[in-house]
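Residue-level structure breakdown
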Amino acid sequence: MHQRTVIQAAIAAALLVAGGAALAQERFRIGLILPMTGQQATTGRQIEAAARLWMAQNGDTVAGRKIELIVKDDTSLPDMTRRLAQELVVNEKVNVLAGFGITPSALAVAPIATQSKTPEVVMAAATSSITEASPYIVRTSFTLPQVSVAMADWAPKNGIKSVVTLVTDYGPGLDAEKFFKDRFLFNGGKVPDSLRVPLRNPDFAPFLQKVRDIKPDALFVFVPSGAGAAVMKQFLERGMDKAGIRLIATGDVTDDDQLNDMGDGALGVVTSHHYSADHQSAANKKFVEAFQKANKGLRPNFMAVGGYDGMRVIYEALKKTGGKGGGEALVAAMKGQVFESPRGPVFIDAQTRDVVQNVYLRKVEKKNGQLFNVEFDVIKDVKDPGKTKK
Ligand code: PHB
């Protein structure tokens, strides 16, 4: 080798080492924006606990980079979510934005993710269209079309011929209503009415009275996590079950965060969803035990699992990039990930960046004195049926 080439090689090697060391010192920051107070506070509490559990179990260094979690409370107001995301990107130089308790919050951040080329990992929000709002969005929660279609197939096979739908009046509720109704009508069922309640301070009473007057075979409900117990309480107080109206729902209603406090009136309620704390697998048993141990016995719900899996997706992506990160490289490394989640097998669809997963039919039963969503049937590897055809 010529002397000059030797010197050049030595300089290059030295720069590489220095660069590597600088990179190793540079923290990898995850900005976790969640509703920690207000109506959706249970979602924030569950996801933060799950993210911290993931880090406790898997370490806080990935491919030489120290991971830093920065948690911000957006009180589930989308303007606040947007402001916090902006601050996190500009001032804190976060490498990933994550969390997002409700659809309007996830959508508010999409333009920031696109402009700053920052991955936006959606761990909670579940309107189908969210992943189409930015090529930097990857979702680890679920979609309402995914779980609602399963219920519309189950109901008519189980003596339910007419259904009134009752949903919260925003993205995920409208998805639940549309996909349940279209499929149920296709299956020969009747939908005499479709009711919508406001997201903020909902009063279910007048809507339930209307359902009583119509007297369908069943009422199909979607409300966001945290509002399920109120629906259940009013459904029972108004004697809807005694009037012969069955309650069917997405699993957001019999939410594991609240289910055990709903009382025996919840027994027998059938729902469709992607996660139950009672899911029978070694991975889930381990997850539930560790989560409860770290959180004074709190039972993890589907939001916790979305957060836990979101952290896994971020960790794996950082590993795949050899610790280099970079928004585009991270998103590329998130696409196509396949792993076993506490909910069962999960796949991040490389085309849509959305989660493909099993959907389970479950019935509320008592086990060792506690109420659980006990799974009795499964539809495997369900893609989001809500994606518009390109
Ligand atoms: C949403 O706003 O997308 C959302 C929130 C809570 C849920 C489901 C969907 O349980």
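Residues numbered from 1 in each chain as written. Predicted model: local features only at pLDDT ≥ 70, side-chain atom pairs only at ≥ 80, totals over all residues. Heavy atoms only, no water.

This paragraph deals with the overall build of the protein. Scanning the protein from N- to C-terminus turns up 11 helices and 15 strands. Its C-alpha atoms give the protein a radius of gyration of 23 Å, within 12% of the compact-globule value 21 Å for 390 residues. Across its three principal axes, the protein shows a C-alpha extent of roughly 90 × 45 × 35 Å. Every one of the 390 residues in the protein was classed for burial, and the buried ones make up 55%. For the protein, the proportion of contacts with a sequence separation of at least 24, taken over those separated by at least 6, is 68%. Across the protein, the centroid of the 49 positively charged side chains sits 3 Å from that of the 41 negatively charged ones. (Helix = DSSP H or I, 4+ residues; strand = E, 2+ residues; numbered from the N terminus. Rg over C-alpha atoms; globule rule 2.2 N^0.38 Å. Buried < 20%, exposed > 50% of the residue type's maximum accessible area, 1.4 Å probe, protein only. Contact = heavy atoms within 4.5 Å. Lys, Arg positive; Asp, Glu negative; His and termini not counted. Charge placed at Lys NZ, Arg CZ, Asp CG, Glu CD.)

What follows deals with the environment of Val 121. Among the structural elements, Val 121 can be located in strand 5 (residues 120-122). Each C-alpha atom of the pair Val 121 and Val 346 lies 15 Å from the other, and the pair is 225 residues apart in sequence. Setting aside chain neighbours within four positions, we find Val 121 in contact with Val 96, Leu 97, Ala 98, Gly 99, Phe 100, Val 138, Thr 140, Gly 310, Ile 314 and Met 334.

Turning to the site of the ligand, a few remarks are in order. Residues in close proximity to the ligand total 14 residues, the closest being Thr 103, Ala 126, Tyr 170, Ser 225 and Asp 252. In this structure, an oxygen atom belonging to the ligand sits 2.5 Å away from a side-chain N or O atom of Thr 103. In the environment of the ligand, an oxygen atom lies 2.8 Å from a nitrogen or oxygen atom belonging to the backbone of Ala 126. Expressed as a share of its isolated accessible area of 280 Å², the protein-covered part of the ligand is 100%. Taken together, the residues that form the shell around the ligand break down as 9 nonpolar, 4 polar and 1 charged. (Near = heavy atom within 4 Å. Polar contact = N/O pair within 3.5 Å; in protein donor to acceptor, adjacent residues only side chain to side chain. Areas by Shrake-Rupley, 256 points an atom, 1.4 Å probe, with all protein chains shown as cover. Nonpolar A, V, L, I, M, F, W, Y, C, P; charged D, E, K, R; others polar.)

All told, the structure shown has 22 salt bridges when counted by the stated rule. Here Glu 237 and Lys 233 are joined by a salt bridge, their closest N and O atoms 3.3 Å apart. Placement of the pair is Glu 237 and Lys 233 together in helix 8 (residues 228-237), with a separation of 4 residues, close to one helical turn. As far as the burial class goes, Glu 237 and Lys 233 line up, both exposed. Ionic pairing is found between Lys 387 and Asp 384, a salt bridge with its closest N-O pair at 2.5 Å. A residue is classified by how much of its surface remains accessible, and Lys 387, at 15% relative accessible area, is buried. On the basis of relative accessible area, Asp 384 is assigned to the buried category, the value being 10%. Three or more residues joined by partner-sharing salt bridges are found here, namely Arg 139, Asp 354, Asp 384 and Lys 387. (Salt bridge = Lys/Arg side-chain N within 4 Å of Asp/Glu carboxyl O.)

Generally speaking, soluble globular proteins have nonpolar side chains that are buried together. The biggest cluster of nonpolar side chains holds 74 residues, and the ones touching the most others in it are Ile 248, Phe 287 and Met 311. If one sorts the elements of this core by residue count, helix 10 (residues 302-320) sits on top with 11 residues. Residues in contact with Phe 287, not counting those within four places in the same chain, are Leu 53, Tyr 275, Pro 300, Ala 304, Val 305, Tyr 308 and Pro 342. Leu 195, Met 240, Leu 247 and Leu 371 belong to the second largest nonpolar core, which has 25 residues in total. (Core = buried A, V, L, I, M, F, W, Y, C linked by side-chain atoms within 4.5 Å.)

Glancing now at the sheet that holds strand 4 (residues 96-99). In space, the 6 strands of this open sheet follow the order 2-3-1-4-5-6, with mixed pairing throughout. A strand with exactly one partner marks an edge of an open sheet, and here the two such strands are strand 2 (61-62) and strand 6 (137-139). Sheet topology note: the strand 1 (residues 28-34)/strand 4 ladder contains 4 bridges and is parallel. Paired with Gly 31 across the two strands is Leu 97, which belongs to strand 4. Helix 4 (residues 103-116) rests against strand 4, strand 5 and strand 6 of the sheet, and its axis sits at about 160° to strand 5. (Pairing = 2+ DSSP bridges. Axes fitted to C-alpha atoms, helices over the stretch in contact; angles between N-to-C directions.)

It is worth spelling out the pairing of strand 14 (residues 355-367) at this point. Taken together, the 4 bridges between strand 11 (residues 270-273) and strand 14 define a ladder with antiparallel strand orientation. Each bridged residue has a counterpart across the sheet, and for Thr 271 the counterpart in strand 14 is Arg 362. Taking the residues between adjacent antiparallel strands as the criterion, strand 13 (residues 344-348) and strand 14 are bridged by 6 residues, where Arg 353 takes a positive phi near 60°. Remark: 2 residues form the turn of the hairpin made by strand 14 and strand 15 (residues 370-382), two consecutive strands paired antiparallel; Asn 368 in that turn has positive phi of roughly 50°.

Moving on to the packing of aromatic side chains. In this description, an aromatic ring pair is defined by two values, namely the gap between the centres and the angle between the planes. Using the criterion set out here, one finds 8 aromatic pairs in the structure. Their ring planes at 90° and their centres at 5.7 Å tell us that Phe 142 and Phe 302 sit as a pair that is edge-to-face. You can see Phe 142 sitting in the loop between strand 6 and helix 5 (144-154) and its partner Phe 302 sitting in helix 10, a full 160 residues away along the chain. As far as the burial class goes, Phe 142 and Phe 302 line up, both buried. Where Phe 180 meets Phe 220, the ring centres are 4.1 Å apart and the plane angle is 10°; that geometry is what we call stacked. Of the two residues, Phe 180 is situated in helix 6 (residues 171-186) and Phe 220 in strand 9 (residues 218-222); the sequence distance between them amounts to 40 residues. Its relative accessible area of 0% is what places Phe 180 among the buried residues. (Phe/Tyr/Trp six-rings, centres within 6.5 Å; stacked < 30°, edge-to-face > 60°.)

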